[in-house]
Amino acid sequence: MIRTVRTNSDHPHFIKLINYLDAELALRDGEDHGFYAQFNKVDLIKHVVVAYENEHAIGCGSIKAYQPGVMEIKRMYTKPKGRGKGIATTILTELEKWAAELSCKKCILETGVNQPEAIGLYKKNGYSLIYNYGQYAGVENSLCFEKLLSIKTY
């Protein structure tokens, strides 16, 4: 059974999971990793979800305010042994629910072209491709997505 916990970026399981994420991204991003890493700092993130399978931390994700009414999805990760079980969708759904509870109307995110699993996850969960925003504008290896949140859904 998958259980999620809402917490913040100080949570030790979140920190451990994003260390795994950063190691994986360093391999996937290659020379571009330094550029992306600067936008993935987690200090002071107030909205983190950690997923547990049989009491073992298996995945995580977070949201942070981007602009009024808009949350940015950050630091999504599922351990390899947990992939393909719907854990990432469970985390994403909990983050969207939390964003809606915070009166946000939309979630946005950036992922890399070298992360086909992430691209598939976001498309499967109703995210639409948008022009690259903010620091990702003009970055060829970035894909940005958005999803309008329906408060009545939650």
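Residues numbered from 1 in each chain as written. Predicted model: local features only at pLDDT ≥ 70, side-chain atom pairs only at ≥ 80, totals over all residues. Heavy atoms only, no water.

## Things to note about the nonpolar core
For step 1, the next point in the chain: Judged by nonpolar contacts, the single largest core of 25 residues is most densely connected at I73, M76, Y122 and Y127.
For step 2, the next point in the chain: The greatest single-element share of this core, amounting to 8 residues, is contributed by helix α3 (residues 87-101).
For step 3, the next point in the chain: Grouped together as the second largest cluster of nonpolar side chains are 12 residues, F14, L21, I45 and Y77 included. (Core = buried A, V, L, I, M, F, W, Y, C linked by side-chain atoms within 4.5 Å. Buried < 20%, exposed > 50% of the residue type's maximum accessible area, 1.4 Å probe, protein only. Helix = DSSP H or I, 4+ residues; strand = E, 2+ residues; numbered from the N terminus.)

## Thoughts on α3
For step 1, the next point in the chain: For α3, spanning 15 residues, the distance from its first C-alpha to its last is 21 Å, which sits close to the expected 21 Å at 1.5 Å a residue.
For step 2, the next point in the chain: In terms of burial, α3 is largely enclosed, as 11 of its 15 residues are buried.
For step 3, the next point in the chain: One or two steps after α3, the chain reaches S103, where phi turns positive at roughly 70°. (Expected span 1.5 Å × (residues − 1).)

## A closer look at the environment of H47
For step 1, the next point in the chain: Relative to the elements of secondary structure, H47 occurs in strand β2 (residues 47-53).
For step 2, the next point in the chain: Sequence separation between H47 and A65 is 18 residues, and the spatial gap between their C-alpha atoms is 9.4 Å.
For step 3, the next point in the chain: For H47, the residues in contact, after removing those within four places along its chain, are T7, G61, S62, I63, M71, L95, W98 and L102. (Contact = heavy atoms within 4.5 Å.)

## Some points on the pattern of salt bridges
For step 1, the next point in the chain: One pass over the structure, following the stated rule, counts 9 salt bridges.
For step 2, the next point in the chain: The salt bridge partner of E146 is K106, with a shortest N-O separation of 3.2 Å. Taken together, the positions of E146 in strand β7 (residues 142-148) and K106 in strand β5 (residues 106-112) put the pair 40 residues apart, joining distant regions of the chain.
For step 3, the next point in the chain: Salt bridges here are not isolated pairs; linked through shared partners, they connect R6, E94 and E101. (Salt bridge = Lys/Arg side-chain N within 4 Å of Asp/Glu carboxyl O.)

## Overview of the pairing of β7
For step 1, the next point in the chain: Sheet topology note: the β5/β7 ladder contains 7 bridges and is antiparallel. In the strand pairing of β7, K106 is matched with L148.
For step 2, the next point in the chain: In this sheet, β7 lies alongside strand β6 (residues 128-130) in antiparallel orientation, the contact comprising 3 bridges. Counted as the bridge partner of L129 is F145 from β7. (Pairing = 2+ DSSP bridges.)

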